[in-house]
Amino acid sequence: MKIKLNYLWLLVMILGVVSCTNQQQNNDTADQSEPAFNGVIKLDVRDSKADWTPFEKKRAPEGSPNILFILYDDTGLAAWSPYGGRVNMPTMDGLAAEGLTYSQWHTVALCSPTRSCINTGRNHNLNGMGIITEGANGFPGMSCVLPRETVTMAQILNDNGWSTFWLGKDHNVPETDLSQGGSKTQWPLQQGYDRFYGFIGGETNQFYPDLTEDNHAIEPPYSPEEGYHLSKDLADQAIKMIADQQSANPSKPWFMWYNPGANHAPHQAPKDYIAKYKGKFDDGYDAYRKWVLPRMIERGILPEGTQLTEFNPMPEDMANPADDVLPWESLSPDEKKLFSRLCEVFAGFSEYTDDQIGRVVDYLKKSGQYENTIIFYAADNGTSGEGGPNGSVNENKFFNGYPDDLAENMKLIDQLGGPNTYEHFPTGWAASFSTPFKMFKRYANYSGGTACPLVITWPKGIKAHGEVRNQYHHAVDIVPTILEIVGLEMPEVYRGVKQIPLSGVSMKYTFDAEPNTPTQKHVQYYTMLGTRAIWADGWKAVAVHAPLTSKGHFDEDKWELYNVDEDRSESNDLAEEYPEKLEELKKLWLEEANKNQALPLDDRTATEQITIERPAEEAVRESYTYYPHTSQVPEAVAVNVRGRSYKIIANIEITDANCEGVIFAHGSRFGGHTLFIKNKKLYYVYNFLGIPPEQQFVSTMDLKPGKYTVGMEFNKESVGKYNESIGTAKLYINDSEVASGPMRSQVGKFTLVGDGLCVGYDSGDPVSNQYKSPGEFEGGTISFVTVSTEGKAYLDLELEAARLLRD
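Presented here is an overview of the structure given in this document. (Residues numbered from 1 in each chain as written. Predicted model: local features only at pLDDT ≥ 70, side-chain atom pairs only at ≥ 80, totals over all residues. Heavy atoms only, no water.)

### Examining the overall build of the protein chain
When helices and strands are tallied, the protein chain shows 16 helices and 28 strands. The C-alpha atoms of the protein chain give 30 Å as radius of gyration, which agrees with the globular expectation for 807 residues (28 Å, within 12%). Structurally, the protein chain occupies a C-alpha span of about 90 × 90 × 55 Å along its principal axes. The burial tally for the protein chain puts 60% of its 807 residues in the buried class. Summarising the internal contacts of the protein chain: among those between residues at least 6 apart in sequence, 74% fall at separations of at least 24. A total of about 32500 Å² of accessible surface is found on the protein chain, and carbon and sulfur atoms cover 51% of it. (Helix = DSSP H or I, 4+ residues; strand = E, 2+ residues; numbered from the N terminus. Rg over C-alpha atoms; globule rule 2.2 N^0.38 Å. Buried < 20%, exposed > 50% of the residue type's maximum accessible area, 1.4 Å probe, protein only. Contact = heavy atoms within 4.5 Å. Areas by Shrake-Rupley, 256 points an atom, 1.4 Å probe, with all protein chains shown as cover.)

Written out as structure tokens, the structure is:
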């Protein structure tokens, strides 16, 4: 033992000498202020003093405020009660009474792009978000991939001592990254947020949401039958996140981005909230505009003399027929009844969600956090017209280019807003809730698409109560405002990457300003889906072009000119009176577009843009194999059977005579297909856009215990009026055809997000009314399911699968 200790002592001395020599060499060139190494190595931690400096986390200055940013979807300026609208928003009313209401706050006319502006403080094209993520293409301004040069506000706050939470909608993640195996670099937790609870895509069923917690998919905590609604769930989770943070780290401030599903389709709400609005919209959308305008003027939201623009302002040769507004007086009694009911659901959805947010605000008051919490309450774009002129009980018809049928919709009038509908109201309500402006969501050229509500409340920091602010501002101004409030700056370089400067200006000066103090903002360009405009120092130039028309020829567009300081509704075109001013602004738009990588322009139809083939981590192939009880596979990365022939083949073993459940499912009751066993029969159901009856194919023979290869094939034979595929479907057990018949399939997606491909169960909303979700496969096992779009005959593929079954 003594010899070993001597060797150890000798080794320590040698290392000490070497270290001392190296340190001396370093000291020869080092700053003389650096302490020289004394040559002593201390083996015992008790003889040393640790230096925590390199590991210390930054702390927010004492007294820093909490930040709660509430962002609704699809709501124009004239819908809500604080702005004079008919939709009651008690929580927002209370916040407006204690803070400021903004009359000229603008967005980007579409959700993903606006959200990216609020996330980073840069213009949407600089964020790569020139379109919703489902329409991404390969141009830098429309890639839908947030570049490293646009660090998020959450990252800055988190680095400086704030806890950061994201609740609800995201819609800033590329479609190809939605799956559990995809890259998470664009997900909230990788963008500076400590926690996430919500849905990653653009919309979701409020009763059967596509939920993600942090970085993994989860199922809702309880069912609609037990009272589940996403708006309620989000409020529960928000309160829990804040309570957890305050229990463990009460000295830290927090930032929460709270994004409810409202008021995006599907419009779904509890029956009692819908009932509050029974008959409230029977006067129609023409009358609503005339009713709400004077109320908005009376409240100071609009100046005296503001004129009401007309419905359908687009020239006939440019207008998109899907955005037409039908005159209320031209509607039949049934149409009026249906259209009114659709609006009642929208209103009930909005108020119910506001009440849930009220629970969060009440919690802040009870826990003593309200006084020093700055609350922003806003919407991300104008009201949505995606329901078309007639509205829809299934919004997915819009994305499939398929019209609604009044008779079919009337059958569901008493179920509107419930789990059996995925509804959206008609364009008339979109235009009326965007009063007094032209058009609505998607139209970035007119304020109907961009002017949105914004209320800011901060008891400790804003002295004015119940006042209106008329300064012109935009979504890109939110980040500069928050950073000024908390005393931080956007860094020029972040983690080694040079940053793009902020596009906006701070709005903090408005907190102590007069209602009509001149704005400190000077220029804002707009572009979306082929529409474009520019605002500069009170003047606005507008290109007359409709979105999603594929008309192109942008160089031939007519331009209009408005002095919005005097003509808030953009009703008096001054292009002929001030041609030089118009040319000046057109030139400025092109400069801003180039600077912000907003070119080229894209006005292709929704179906064209959503069905673009995009690069993916997995190469597109003709055959895909899936395994049981994995997480659902998002449609963006699942096998694509749209517009083509396909086959589904599964190897199963039945061990119980009462075996039943889902073998394969993709989609929901509003569009999808499923292969399952029920009552010992094999079923294949294709639910075409939720239009009854379901297309069912049922085996004539019973399935007894044993091993089987089961499946189906669809042979496309023609294309229908609305580009749907028409052909013949056949159902197989082993090599025997057990059912067949005509079938049609969708050309567009089953959903924008959620209700992905599942094996062994049906996630979320069930595809077929023949079973209840999750419909798990019981009484047997599933080896695999293969979906093929290759040219091989079904029986050839069945033989290959059967061989595997015998192995």
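### A short note on the sheet that holds strand β18 (residues 623-626)
Spatial ordering of the open sheet is given by β18-β28-β19-β24-β25-β26, a layout of six strands whose pairing is antiparallel. If you trace the sheet from one side to the other, it starts and ends with β18 and β26 (736-745), each paired once. Ignoring which end each strand starts from, the neighbouring axes of this sheet average 15 degrees apart. Across nine bridges, the pairing between strand β19 (residues 646-654) and strand β24 (residues 706-719) is antiparallel. The residue of β24 that forms the bridge with Ile-648 is Met-712. (Pairing = 2+ DSSP bridges. Axes fitted to C-alpha atoms, helices over the stretch in contact; angles between N-to-C directions.)

### Regarding the packing of aromatic side chains
Considering all chains together, one arrives at 38 aromatic pairs under this definition. Ring plane angle 75 degrees and centroid distance 4.8 Å describe the contact between Tyr-72 and Trp-80, whose orientation is recorded as edge-to-face. In this structure an aromatic cluster arises from ring pairing among Tyr-277, Phe-281, Tyr-285, Tyr-288, Trp-291, Phe-311, Trp-328, Phe-346, Phe-425, Trp-429 and Phe-433. Its guanidinium or amino end placed over the ring of Trp-187, Lys-184 lies 4.6 Å from that ring's centre, counting from NZ or CZ. The aromatic ring of Trp-589 is capped on one face by Arg-532, whose charged end is 5.6 Å from the ring centroid. (Phe/Tyr/Trp six-rings, centres within 6.5 Å; stacked < 30°, edge-to-face > 60°. Lys NZ or Arg CZ within 6 Å of the ring centre and 35° of its normal.)

### With respect to unusual backbone geometry
Leaving glycine aside, a negative phi is the common case for residues, and trans is the common case for peptide bonds. Backbone torsion omega between Leu-599 and Pro-600 reads 5 degrees, so that peptide bond is classified as cis. Structurally, Pro-600 is set in the loop between α14 (579-595) and α15 (606-610). The phi dihedral of Arg-495 is positive, around 50 degrees, even though this residue is not glycine. Here Arg-495 shows up in the loop between β12 (493-494) and β13 (497-498). On the accessibility criterion, Arg-495 (65% relative accessible area) is exposed. The phi dihedral of Glu-570 falls on the positive side, at around 55 degrees, and the residue is not glycine. Here Glu-570 lies in the loop between β17 (559-563) and α14. Under the relative-accessibility criterion, Glu-570 is labelled buried at 1%.

### A short note on the sheet that holds β17
Taken together, the four strands give an open sheet; going across it, the order is β14-β15-β16-β17, and neighbouring strands pair in antiparallel fashion. Both edges of this open sheet fall to β14 (523-528) and β17, since each of them pairs with a single strand only. Here the average twist between neighbouring strands, direction ignored, is 15 degrees. Of the strands in this sheet, β14, β15 (531-536), β16 (539-543) and β17 touch α14, which is tilted by about 110 degrees from β15.

### Things to note about the nonpolar core
The biggest cluster of nonpolar side chains holds 158 residues, and the ones touching the most others in it are Trp-105, Met-256, Tyr-258, Tyr-377, Trp-429 and Phe-433. Examining the composition of this core, we find that 13 residues originate from one element, helix α8 (residues 333-366), more than from any other. For Trp-429, the residues in contact, after removing those within four places along its chain, are Phe-281, Gly-284, Tyr-285, Tyr-288, Trp-328, Phe-339, Ser-340, Cys-343 and Thr-383. Counting 42 residues, the second-largest nonpolar core is a separate cluster that includes Tyr-646, Leu-682, Tyr-684 and Leu-689. (Core = buried A, V, L, I, M, F, W, Y, C linked by side-chain atoms within 4.5 Å.)

### Details of helix α7 (residues 284-298)
End to end, α7 covers 22 Å across 15 residues, agreeing with the expected 21 Å (1.5 Å per residue, within 8%). Packed against the buried residues of α7 are α8 and α11 (427-432). Of the residues one or two after α7, Gly-300 is the one with positive phi, at around 85 degrees. (Expected span 1.5 Å × (residues − 1).)

### Description of the pattern of salt bridges
Tallying each qualifying case throughout the model produces 33 salt bridges. Of the charged contacts, one joins Lys-586 and Glu-583 as a salt bridge, the two residues approaching to 3.3 Å between their closest N and O atoms. One end of the pair is Lys-586 and the other is Glu-583, both in helix α14 and three residues apart, which spans about a single turn. Taken together, the shared-partner salt bridges in this structure form one network comprising Asp-74, Asp-323, Glu-386, Lys-441 and Arg-442. (Salt bridge = Lys/Arg side-chain N within 4 Å of Asp/Glu carboxyl O.)

### As for the side chain of Lys-647
Along the chain, the position of Lys-647 falls in strand β19. Buried and unpaired, Lys-647 has no salt bridge, with Glu-713 as the nearest side chain of opposite charge at 4.9 Å. Of the polar contacts made by the side chain of Lys-647, one reaches the backbone oxygen of Glu-790; its length is 3.0 Å. (Lys, Arg positive; Asp, Glu negative; His and termini not counted. Polar contact = N/O pair within 3.5 Å; in protein donor to acceptor, adjacent residues only side chain to side chain.)

### Observations concerning the environment of Ser-740
Looking at where Ser-740 falls in the secondary structure, it is placed in strand β26. Classification of Ser-740 by relative accessible area gives partly exposed; the value is 44%. Separated by 41 residues in sequence, Ser-740 and Ser-699 place their C-alpha atoms 9.2 Å apart. Those residues in contact with Ser-740, other than ones at most four positions away along the chain, are Phe-697, Ala-729 and Lys-730. Looking at Ser-740, its side chain comes within polar contact range of the side chain of Glu-737, at 3.3 Å.

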